[in-house]
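# Summary of structural features
Next come the chains, spelled out residue by residue.
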Amino acid sequence: MNEGSKVVEVLEARAERRSDRRDFFRKAVAGMAAAPLVLTIGGTPLHAQAAVSDADILNFALNLEYLEAQFYYYAFFGTGLPANILGGTGTQGTVTGGRKVTFTDPVVSQYAAEIAADERAHVEFLRTALGSAAVAQPAIDISSTPTGAFSTAARAAGLIGAGESFDPYANDENFLLGAFIFEDVGVTAYKGAAALISNKVFLEAAAGILAVEAYHAALIRTTLFRKGIQAPALITATEKISGARDSLDGSSDKDQGIAMRGDASNIAPLDENGLAYSRTAGEVLNIVYLTAMARSQGGFFPAGVNGTIRTSSAN
Amino acid sequence: MMDEDKVLELLELSEKRRDARRAFLRSGSAAAIAAGGVTLLSGCFEDGNNNNSGNTPAPQTPAPPPPPPATGAITDQDILNFALNLEYLEAQFYSYAAFGTGLPENLLGGTGTRGQVIGGAKVNFTDPVVAAYAREIAMDERQHVAFLRQAIGATAVAQPAIDVGVSSLSAFSAAARAAGLIGPGEVFDPYANDENFLLGAYIFEDVGVTAYKGASPLITSKTFLEAAAGILAAEAYHAGLVRTVLYGKGIQTPALVTATEKISDARDSLDDPSDKDQGVMQRGLASNIVLADANAIAYSRSAGDVLNIVYLTAAAASQGGFFPAGVNGTIRMSTAG
């Protein structure tokens, strides 16, 4: 890349995309203004929206990848990610819960192994891309206690009652439903961010991760659909989880379970143009924080995510 | 958009993306230079895509034509039209397989030479779940055609000639032969049964993912970029679906898994020398549903490499395979070697 290109990129990042970024981060910028590391000139904080960089976006994604990777790693290996890929800027947190699934169906076990390796690779790739700016893993709750994030999510979806617990490590089916909670959200998060990334190398990489999350989501949805022939409750559960996600992320319908639409399946959740949905960062945080309100922590991230993008949308 | 933004976009378009577009289009850029030839072939072809480039000589321009710098001539519409050709192909295949008919006439017209479909047939599905999958993907791909036609507007390309037929000389048979699935003179019929349908789908789906990913950094308009990302995701959902079903059925029928590896190898032998393709065969303890590199990032293919696969040739060509008369639009040459 020549110098002229770099200058154009910097200019572009500051000028052209600003309005797009404002929209993308919506309520998230309120959180940035309150962040401890806001730059100041003469004691006056810079306007928060101008400070959002590609690094901020990739760090936001890195938080999500930590969450996914830890869940799949525990489910397949019974252990978390190695300690040497968890440090970085911000407050490093620990993982609550998580354990090895005793898989009945060897194919589901092979799927878990594949996705675990992919998600770890995403963590490592993003950390490498971000270099010293990479955020540390925040505190993550992937436990199966009645007050844990998975149980809260399952309760919001109506899968369990008050005081009950949802254990995504109990069996193949629960593991698949636990995975279902995350995967489509990753697709919408990367799609929502795609148009906001300035650097074309990062953009193409993000498009590649987007594709992989969609492969994962299809794997999970296809497997649940197949098992749902014998166990229709699984299909009902996906509709309920999707309904819960939709109730958290605002008024528009951006989510679908895998129940048949007419005589067609619904493996790919798409709009009327056959396109995947986008979610803003704030909407993604609504789901992983398990709140429809503007919050800086909750759900799967008990102490919030690290980085400048950390506040969910007020819906 | 502010004027400053427009200036930046133009600067970026003319300077920064040139190299990337060169790499993307490679031999395809020669096709952009030869756009006059397209006009001759198509008769009524209106090269409206290049109106704002100033680089395409008007048909009436007397010789000698100025040597047009090909790089500046490629627009978002050129890229989306390239994608539209691929969507016509996918949509026709799935439409025949799921419904026994092709796309409706009102979705097929446009610039360039309108071609006919050497058609397929409705699959007599054994597994009702696979039939439901076929109907889902068929509707998605038809929506992609309709969406892209609307997004591109008046300069949307017509459907080119497409071969999704069944004969020993068909594109599907040629592809299956290149993969070593059938011998000389034999026929691969992707409509014969569930398994063949899935393998036929397998030939296309991952390629769509790599094509949209390869194009993503070259699209100027943020609106088009986000839409392309949405189609990319849809193609990856489809690919994940098809690969998952083949993997599951491969437990009882290992030949299906072997076939995916052979088809992937054939695709690899047609595009550039790097390894960008994998079947679904188990790697260690893990399945291989996701087609991705060591960083778990999907691969990119240049337009020329994508055309190598759908033209079924490793050479620089302007037609062949699933597009017997080539694709419509300015991007139409496959990559040499």
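Residues numbered from 1 in each chain as written. Chains lettered and ligands numbered in written order. Predicted model: local features only at pLDDT ≥ 70, side-chain atom pairs only at ≥ 80, totals over all residues. Heavy atoms only, no water.

Turning to the overall build of chain B, a few remarks are in order. Looking only at helices and strands, chain B has 10 helices and 2 strands in total. Sorting the 337 residues of chain B into buried and exposed places 61% on the buried side. Once local pairs closer than 6 in sequence are excluded, the contacts in chain B between residues at least 24 apart make up 71%. Roughly 12,100 Å² of accessible area belongs to chain B as shown, and the carbon and sulfur atoms make up 58% of that amount. (Helix = DSSP H or I, 4+ residues; strand = E, 2+ residues; numbered from the N terminus. Buried < 20%, exposed > 50% of the residue type's maximum accessible area, 1.4 Å probe, protein only. Contact = heavy atoms within 4.5 Å. Areas by Shrake-Rupley, 256 points an atom, 1.4 Å probe, with all protein chains shown as cover.)

Attention now moves to the nonpolar core. Counting 197 residues, the largest nonpolar core has F175 of chain A together with F197 of chain B as its most contacted members. Those residues in contact with F175 of chain A that lie beyond four places of it in its chain are F71, Y72, A75, V101, F103, V108, A112 and P168 of chain A. (Core = buried A, V, L, I, M, F, W, Y, C linked by side-chain atoms within 4.5 Å.)

We now examine the packing of aromatic side chains. Residue and element names in this part refer to chain A. The final tally for this structure, using the stated rule, is 27 aromatic pairs over all chains. Seen in terms of ring centroids, F76 and F77 are 4.8 Å apart; in terms of plane orientation they differ by 85°. Their pairing is edge-to-face. Judged by relative accessible area, F76 falls into the buried class, the value being 9%. When its relative accessible area of 40% is taken as the criterion, F77 is described as partly exposed. (Phe/Tyr/Trp six-rings, centres within 6.5 Å; stacked < 30°, edge-to-face > 60°.)

Residue and element names in this part refer to chain B. Topologically, T260 is positioned in helix α9 (residues 254-270). Judged by relative accessible area, T260 falls into the buried class, the value being 0%. A polar side-chain atom of T260 sits 3.1 Å from the main-chain amide nitrogen of V280. Not counting chain neighbours up to four residues away, the residues in contact with T260 comprise L199, Y202, L246, G279 and V280. (Polar contact = N/O pair within 3.5 Å; in protein donor to acceptor, adjacent residues only side chain to side chain.)

So, about the confidence of the model for chain A. Confidence in the prediction of chain A, expressed as mean pLDDT, is 86, and 84% of residues score 70 or more. pLDDT under 50 marks residues 1-50 of chain A. Its contacts with residues more than four places away, or in other chains, come to 80 contacts. (pLDDT = per-residue confidence, 0-100.)

Opposite the 65 residues of chain A that make contact, chain B presents 64 residues. Between chain A and chain B, roughly 5,100 Å² of surface is buried when both sides are summed, and carbon and sulfur atoms account for 65% of that area. Inspection of the chain A/chain B interface yields 2 salt bridges. The salt bridge partner of R135 of chain B is D263 of chain A, with a shortest N-O separation of 3.4 Å. Inspection of the chain A/chain B interface yields 23 residue pairs in polar contact (both at pLDDT 80 or more). Among the elements of the structure, α1 (3-15), α5 (106-130), α7 (172-194) and α8 (200-230) of chain A are those that each provide at least two residues to the side of chain A that touches chain B. Here the side of chain A that touches chain B gets 22 residues from one element, more than from any other, and that element is α8 of chain A. The residue inventory of the side of chain A that touches chain B, partitioned by class, reads 34 nonpolar, 15 polar and 16 charged. (Buried area = accessible area lost by both parts, 1.4 Å probe. Salt bridge = Lys/Arg side-chain N within 4 Å of Asp/Glu carboxyl O. Nonpolar A, V, L, I, M, F, W, Y, C, P; charged D, E, K, R; others polar.)

Once that is clear, we can look at the pattern of salt bridges. One pass over the structure, following the stated rule, counts 22 salt bridges over all chains. Between E261 of chain B and R283 of chain B there is a salt bridge, and its shortest N-O distance comes to 2.7 Å. With E261 of chain B in helix α9 and R283 of chain B in the loop between α9 and α10 (303-311), the pair connects residues that are 22 residues apart, well separated along the chain. Ionic contacts of the salt-bridge type, sharing partners, join the residues D184, R221, R245, D249, D255 and R279 of chain A into one network.

All names here are of chain B. When the terminal C-alpha atoms of helix α5 (residues 128-152) are compared, their 36 Å separation across 25 residues agrees well with the 36 Å that a helix rising 1.5 Å per residue should span. Taking burial as the measure, the 25 residues of α5 include 18 buried ones, the bulk of the element. The N-cap residue of α5 is D127: its side-chain oxygen and the backbone nitrogen of V129 are 2.9 Å apart. Positive phi shows up at G153, right after α5, with a value of about 80°. (Expected span 1.5 Å × (residues − 1).)

A few words now on unusual backbone geometry. All names here are of chain B. A positive phi angle, near 60°, is found at A296, a position not held by glycine. Within the secondary structure, A296 is located in the loop between α9 and α10. Although it is not a glycine, L312 sits at a positive phi angle of roughly 60°. By secondary structure assignment, the location of L312 is in the segment after α10.

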